[in-house]
Amino acid sequence: MAKTVRIVPQARAGIVERFGKYKQTLPAGLNIVVPFIDKVRYLIDLREQVVSFPPSSVITEDNLTVEIDTVIYFQVIDPVAATYEIANYIQAVEQITMTTLRNIVGGMDLEQTLTSRETINSGLRGVLDEATGKWGIRVGRVEIKSIDPPPSIKDTMEKQMRADRDKRAAILTAEGQRQSAILTAQGQKESAILSAQGDRESQILRAQADREAAILRAQGEGQAIQTVFQAIHDGRPDQSLLAYQYLQMMPKIAEGDANKVWIVPSEIGKALEGLGSTMNSLQGIPQEVDGPVKRVDMGPTQPQVAEARGEDAEVSKANAAVEAAIAEAQSAANPRKPAEPEQVGSTDPSIDPGEVPPAPAP
């Protein structure tokens, strides 16, 4: 009874032989066999299995030896073929995997081997499917677990990788320095341009200010000269005024501690004579002036600069001082002739507006 009833576990298949010859395949569950005649020879596992093979030495195209570990995922789909077509299908899969791996990697160099894992997996799977199909085995997946080059090659690769990283770091550093130098140069260029523009505008404004100041000074000097010239013509200078001016210059000649020699003009004697007596006259200077005097046109009294507003205060003070000096000189030169200001503003219609009325007869 014990030899008649056989129980086959799930995902298993039993190979029954009768007198040493294949009889049938027992499915999972309860099965009845003939005792002493039928014998369950093999119990085949129908689940997908994973086998990790030990590292195998493979020579690459550039004559470098590498150690490659592989993992095979396979499943028995025909228990009879897996039992009678091959003696040990696991060992067969291992050997064909090693030979196929040597064939594929032998056509690649080291760099291709390290970076072409998917290509190696696809090549192994295609060859194993074709070779194990008649054995009742289906290869589901092939994976490269590790590829280990020799220690010397590892050291060389690390040095190469380190040198490559150092090279990229140096390139990045140089590019950074280049960009920094370019930006610095551009900033200096823009700064120099702005400084030059500022200097140019400053010089232009300074030149314009100097020009306007020079124009104002020239106009002021011209106004002063015209005022003095007009005052002299309006006062009708004679010999007495010239003598008075000589007397005013005497103290200035004597000024200074180092003045030991005086240079007295030759006309000083005649000027003094003219001051004491009005009967004599100097050469070219009349003792008295008669008749109307034509006023000299001095032009506009206002500055010609567009920014000038009104007469300058200093010019006004100078004009007032000149007029006061002339009046004082006239009063000192002609003490016997009192000034008659009412005649200056005479409204006699017979006198032209541009003429000075004649002095009254003595």
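S.K.: Would you mind showing me how to read the packing of aromatic side chains here?
M.R.: Given two aromatic rings, their pairing is described by the distance between the two centres and the angle made by the two planes. Applying the stated criterion across every chain yields a total of two aromatic pairs. Summarising the aromatic geometry, the rings of Phe74 and Tyr89 are spaced 6.0 Å apart at their centres and angled 75° between planes, so their arrangement reads as edge-to-face. Of this pair, Phe74 sits in strand E8 (residues 65–76) while Tyr89 sits in helix H2 (residues 89–105), placing them 15 residues apart in sequence. A relative accessible area of 1% places Phe74 in the buried class. Of the residues examined, Tyr89 reaches a relative accessible area of 14% and is grouped as buried.

S.K.: Whenever I open this one, helix H4 (residues 117–132) confuses me. Can you help?
M.R.: Three or four residues apart is the spacing at which side chains of an α-helix point the same way, because the helix has 3.6 residues per turn. In this model, H4 (16 residues) spans 22 Å end to end at C-alpha, consistent with the 22 Å of a helix rising 1.5 Å per residue. Listed as buried for H4 are Ile120, Asn121, Leu124, Leu128, Ala131 and Thr132. All buried residues of H4 project into a common sector of 105° when viewed along the axis, lining one side. Exposed side chains of H4 directed beyond 90 degrees from the buried face belong to Glu118 and Glu130. Against E8, H2, helix H3 (110–115) and strand E9 (137–148) lie the buried residues of H4.

S.K.: Explain H2 to me, please; I cannot follow it from the model alone.
M.R.: With 17 residues, H2 should cover 24 Å at 1.5 Å per step; its first-to-last C-alpha distance of 24 Å lies within 8% of that length. Along H2, the residues classified as buried are Tyr89, Ala92, Val93, Glu94, Ile96, Thr97, Thr100, Leu101, Ile104 and Val105. Here H2 starts with a cap whose side-chain oxygen sits 3.3 Å from the backbone nitrogen of Ile90, and that cap is Asn88.

S.K.: Sorry, what's going on with a nonpolar patch on the surface here?
M.R.: The grouping of Met1, Val5, Ile7, Leu30 and Ile32 at the surface amounts to a nonpolar patch, some 590 Å² of accessible area in total. Contributions of two or more residues to the nonpolar patch are made by strand E1 (5–8) and strand E4 (29–32).

S.K.: Quick question: what am I supposed to make of the pairing of E8 here?
M.R.: Along any regular strand the residues' side chains alternate between the sheet's two faces. The pairing of strand E6 (residues 48–52) with E8 spans five bridges and is classified as antiparallel. Bridging across to E8, Ser52 finds its partner in Val71. Relative to E8, strand E7 (residues 56–59) is paired through four bridges, and the arrangement is antiparallel. Of the residues in E8, the one forming a bridge with Ser57 is Glu67.

S.K.: It is not clear to me how the packing of H2 against H4 should be interpreted in this structure. Could you clarify?
M.R.: For any two helices packed against each other, one specifies the inter-axial angle together with the distance between the axes. For the pair H2 and H4, interaxial distance at closest approach is 10 Å and the crossing angle is 135°. One finds that H2 runs oblique with respect to H4. Judged by the sense of rotation from one axis to the other, the crossing of H2 with H4 is right-handed. Between H2 and H4, the contacting residues are Val93, Ile96, Thr97, Thr100, Leu101, Ile104 and Val105 on the first element and Ile120, Gly123, Leu124, Val127, Leu128, Ala131 and Thr132 on the second. Split by residue class, the contact of H2 with H4 holds ten nonpolar, four polar and no charged.

S.K.: Mind showing me how you'd approach the sheet that holds strand E3 (residues 21–26) here?
M.R.: Hydrogen bonds along the backbone pair up the strands of a sheet, which may run parallel or antiparallel. Across the sheet, three strands lie side by side as E3-E2-E5; this open sheet has antiparallel pairing. Both edges of this open sheet fall to E3 and strand E5 (38–45), since each of them pairs with a single strand only. Averaged over all pairs of adjacent strands, the angle between strand axes in this sheet comes to 30°, irrespective of strand direction. As judged from the seven bridges shared by strand E2 (residues 12–18) and E5, these two strands associate in the antiparallel manner. Its bridge partner lying in E5, Arg12 is registered against Asp45.

S.K.: It is not clear to me how the nonpolar core should be interpreted in this structure. Could you clarify?
M.R.: One broad trend across soluble globular proteins is that nonpolar side chains are buried collectively. Counting 32 residues, the largest nonpolar core has Ile68, Ile72, Leu101 and Ile120 as its most contacted members. Elements that contribute at least two residues to this core include exactly E8, H2, H4 and E9. At seven residues, the largest contribution of residues to this core is made by H2. With residues near it in sequence (within four places) discarded, Ile68 still touches Pro54, Pro55, Ser56, Val58, Leu101, Val105, Ile144, Ser146 and Ile147. In terms of nonpolar packing, the next biggest core, distinct from the first, is built from five residues, Val8, Val16, Leu26 and Val33 among them.

Calculation criteria
Residues numbered from 1 in each chain as written. Predicted model: local features only at pLDDT ≥ 70, side-chain atom pairs only at ≥ 80, totals over all residues. Heavy atoms only, no water. Phe/Tyr/Trp six-rings, centres within 6.5 Å; stacked < 30°, edge-to-face > 60°. Helix = DSSP H or I, 4+ residues; strand = E, 2+ residues; numbered from the N terminus. Buried < 20%, exposed > 50% of the residue type's maximum accessible area, 1.4 Å probe, protein only. Expected span 1.5 Å × (residues − 1). Arc of directions from axis to C-beta. Contact = heavy atoms within 4.5 Å. Polar contact = N/O pair within 3.5 Å; in protein donor to acceptor, adjacent residues only side chain to side chain. Patch = residues over 30% accessible without salt bridge, like charges linked within 9 Å, V, L, I, M, F, W, Y side chains within 5 Å. Areas by Shrake-Rupley, 256 points an atom, 1.4 Å probe, with all protein chains shown as cover. Salt bridge = Lys/Arg side-chain N within 4 Å of Asp/Glu carboxyl O. Pairing = 2+ DSSP bridges. Axes fitted to C-alpha atoms, helices over the stretch in contact; angles between N-to-C directions. Parallel < 35°, antiparallel > 145°, perpendicular 65-115°, else oblique. Left-handed = near helix turned anticlockwise from the far one by under 90°. Nonpolar A, V, L, I, M, F, W, Y, C, P; charged D, E, K, R; others polar. Core = buried A, V, L, I, M, F, W, Y, C linked by side-chain atoms within 4.5 Å.

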